[in-house]
Amino acid sequence: MYETLTKDQLEEIRQRAEVATEGFWNADVREWPGNENLRYWINTLEDGLAAAVTKEDAEFIANAHQDIPALLNHINKLEKELEEKEQERKERNSVFIELLSEEVL
């Protein structure tokens, strides 16, 4: 269903997150005059950033500012743990092969 992201794709996501408007983002209910559909605003410390049709969309966008970097950091941590486990597995296999070869002799 979902494709595996490459290191390049993850880096592109990280770069987009890093250049986004700084500061805390939040979703705010404020009706735009003349357009009742755009009631949910995504605000930053500096100014309004965007408008959304639903409260859920506004909250998703506002939280993406901290959620995406947190997810990328979590992926990075898991990848490092996986690399460490793979190295441990290779070392165990090496020892196992050495033990097997000694028994054969």
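Every value quoted in this text rests on a predicted model; they were computed, and no experiment measured them. (Residues numbered from 1 in each chain as written. Predicted model: local features only at pLDDT ≥ 70, side-chain atom pairs only at ≥ 80, totals over all residues. Heavy atoms only, no water.)

J.: Give me the lowdown on the side chain of Asn43, citing residues and values where you can.
T.: Along the chain, Asn43 turns up in strand E2 (residues 40–43). Here Asp28 takes part through its side chain, which lies 3.3 Å from a polar atom of the side chain of Asn43. Contacts of Asn43, omitting those with residues within four sequence positions, involve Phe24, Trp25, Asn26, Asp28, Arg30, Gly48 and Leu49. (Helix = DSSP H or I, 4+ residues; strand = E, 2+ residues; numbered from the N terminus. Polar contact = N/O pair within 3.5 Å; in protein donor to acceptor, adjacent residues only side chain to side chain. Contact = heavy atoms within 4.5 Å.)

J.: Account for the sheet that holds E2, naming residues and giving values.
T.: Taken in spatial order, the three strands line up as E1-E2-E3 in an open sheet, and their pairing is antiparallel. Edge positions in the sheet fall to strand E1 (26–29) and strand E3 (48–52), since each of these pairs with one other strand and no more. The mean inter-strand angle of the sheet, taken between neighbouring strand axes irrespective of direction, is 30°. Here four bridges tie E1 to E2, and the two strands are oriented antiparallel to one another. (Pairing = 2+ DSSP bridges. Axes fitted to C-alpha atoms, helices over the stretch in contact; angles between N-to-C directions.)

J.: Could you give an account of the nonpolar core, with specific residues and numbers?
T.: Formed by Trp25, Tyr40, Ile42, Ala52, Ala58 and Ala62, the largest nonpolar core amounts to six residues. Elements represented by at least two residues in this core include exactly E2 and helix H2 (55–104). Ignoring sequence-local partners within four residues, the contact set of Ala62 consists of Trp25, Asn26, Ala27 and Ile42. (Core = buried A, V, L, I, M, F, W, Y, C linked by side-chain atoms within 4.5 Å. Buried < 20%, exposed > 50% of the residue type's maximum accessible area, 1.4 Å probe, protein only.)

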